[in-house]
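# Structure at a glance
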Amino acid sequence: MDFIREIERIRTVRELTQSELEWMLELGEDHAEYLYRAAREVCDEVYGKKIYLRGLIEYTNYCKNNCFYCGIRAGHVGLSRYRMSDDRIMECVEKGYRLGARTIVIQGGESPMDGDDAIVKLVKRIREAHPDVVVTLCIGEKSRASYEKYYEAGAERYLLRHETANREHYRHLHPSAMKLEHRMQCLFDLKDIGFQVGCGMMIGSPGQTIGCLYEDLMFIRELQPHMVGIGPFIAQRDTPFSGENNGTADRTTRIMAIVRLLHPRVLMPATTALETVDPNGYEKGIRAGANVLMPDLTPPDVRKKYTIYDDKKGLTVDDEGEMERMKQRVRGLGYEIVTDRGDSLV
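Structure report, in brief. (Residues numbered from 1 in each chain as written. Predicted model: local features only at pLDDT ≥ 70, side-chain atom pairs only at ≥ 80, totals over all residues. Heavy atoms only, no water.)

### Notes on the pairing of strand β1 (residues 50-53)
- Note that β1 and strand β9 (residues 336-338) share 3 bridges and pair parallel. Each bridged residue has a counterpart across the sheet, and for K50 the counterpart in β9 is E336.
- Where β1 lies against strand β8 (residues 292-293), 2 bridges are found, and the strand directions are parallel. Directly across from Y52, in β8, lies its bridge partner V292. (Pairing = 2+ DSSP bridges. Helix = DSSP H or I, 4+ residues; strand = E, 2+ residues; numbered from the N terminus.)

### Focus on the packing of helix α4 (residues 86-98) against helix α5 (residues 116-129)
- At a closest axis distance of 11 Å, the pairing of α4 and α5 adopts a crossing angle of 35°. For α4 against α5, the interelement crossing comes out right-handed. For the pair α4 and α5, contact is made by D86, D87, I89, M90, V93 and E94 and by K121, L122, R125, I126 and A129, respectively. (Axes fitted to C-alpha atoms, helices over the stretch in contact; angles between N-to-C directions. Left-handed = near helix turned anticlockwise from the far one by under 90°. Contact = heavy atoms within 4.5 Å.)

### Examining the pairing of strand β3 (residues 103-108)
- When you tally the buried positions in β3, you get 6 out of 6 residues, the bulk of the element.
- Judged by which residues are buried, β3 turns out to be covered on both faces: T103, V105 and Q107 on one side and I104, I106 and G108 on the other are all buried.
- Summarising the sheet, strand β2 (residues 55-60) and β3 pair through 5 bridges and their orientation is parallel. Within β3, the residue paired with T60 across the bridge is G108.
- Once you follow β2 into α4 and on to β3, the crossover reads as right-handed.
- Taken together, the 5 bridges between β3 and strand β4 (residues 134-138) define a ladder with parallel strand orientation. Within the sheet, the bridge partner assigned to Q107 lies in β4 and is C138.
- Read as a crossover between parallel neighbours, the route from β3 over α5 to β4 is right-handed. (Buried < 20%, exposed > 50% of the residue type's maximum accessible area, 1.4 Å probe, protein only. Right-handed = clockwise from strand over helix to strand, strands pointing away.)

### Description of the packing of aromatic side chains
- Applying the stated criterion to the full structure yields 8 aromatic pairs.
- Measuring from centroid to centroid gives 6.2 Å for F68 and F241, while their planes differ by 90°, and the two rings are edge-to-face. Highlighted residues: F68 in the loop between β2 and α4 and F241 in the loop between β7 (227-232) and α10 (249-262), separated in sequence by 173 residues.
- Residue classification places F68 among the partly exposed positions, given a relative accessible area of 22%.
- Each ring, one from Y147 and one from Y150, has its centre 6.4 Å from the other, and the planes form 70°; the classification is edge-to-face. Residue Y147 and its partner Y150 are both found in helix α6 (residues 144-153); the two are separated by 3 residues, about one turn of the helix.
- Among the residues examined, Y150 registers a relative accessible area of 1% and is labelled buried.
- Three or more aromatic residues joined by ring pairs form one cluster here, namely Y147, Y150, Y151, Y158 and F195. (Phe/Tyr/Trp six-rings, centres within 6.5 Å; stacked < 30°, edge-to-face > 60°.)

### Things to note about the sheet that holds β1
- Strand order in the open sheet formed by 3 strands is β8-β1-β9, and the pairing between neighbours is parallel. Each edge of the open sheet is held by one strand with a lone partner, namely β8 and β9.
- The sheet contacts of helix α14 (residues 320-331) involve β1, β8 and β9, and relative to β9 the element is tilted by about 130°.

### Quick notes on the environment of G281
- Following the sequence through the fold, G281 ends up in helix α12 (residues 281-287).
- The exposure class assigned to G281 is buried, which follows from its relative accessible area of 0%.
- On a C-alpha basis, the gap between G281 and D250 in space is 9.7 Å, while along the polypeptide they are 31 residues apart.
- Once residues lying within four places of it in the same chain are set aside, the contact partners of G281 are L274 and E275.

### Remarks on the packing of helix α9 (residues 210-223) against α10
- With their axes 11 Å apart at the nearest point, α9 and α10 run at an angle of 30° to one another. In this view, α9 runs roughly parallel relative to α10, as classed from their interaxial angle. The interaxial crossing formed by α9 with α10 has right-handed handedness. Contacts between α9 and α10 pair I210, L213, L217 and I220 from the former with R251, I255, I258, V259 and L262 from the latter. (Parallel < 35°, antiparallel > 145°, perpendicular 65-115°, else oblique.)

As structure tokens, this is what we get:
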């Protein structure tokens, strides 16, 4: 198979078969570089040389779920739990705003402590303090009525990674009380309400096959999300998957590049997980078509308790010096971090 002609065909028609996906994941390193260049060119054609910031606040590690891969699962009884006060969350918002973030991501487990009123109050407080800031929520599966309340309060984006679109694989990763059908319905409800919606998956998770990955791509095509978050699976020592092998940066960035070719207008982060498995993960993600970075604004004393996987690394921007170092990393690739809402063009 002529790899250049095939990649250009996929870039043009934005379709591929499962056998083509398998072939692209097995390309030699030199050929893979062409895949990355094509993905980067496609992203540049839509978004230019801009990298958008999402200031991440991991506000709680309480969670009612028992996902088999997650270190903040309810069954992790030895974990020191926390829920940041709204005042402390606002301190993080202010820090992010000073450093140029115009999107704030409120992320946490599916906390049984926070009802809708608490989330609505927090969203309104952020928007009242900074009307030009986009509030993004990443707090899991909720009812449609709850999502409507968050949207009416001023939240504009919602991230909910589907993790896998294959039902058998989903059951392998989650307890029986959790259903893939419900996760997918949440995503469609969010989009129907008016949110800019982000889905995504782990690469290299236990039991994942080429067929699973292809179903992920087909689900993304069906949903047509505004954002797609793709990161490698990383084992966490206090979960049932503690002894499993981690996903790789190579396979992760190849899937990222393929998604970029198929969906030129989505926003795509270079994830913390990618940086964790590879010290140059952010650079590799950007070269593969990523155009979002999510520096962590969470205070250091609680950041270490958000142990969704082991040895978590990532961008922290606790001061102007760290922000400047991040900007220099991006400039070294020929890109510029911008102070911008960074809306999806989907």
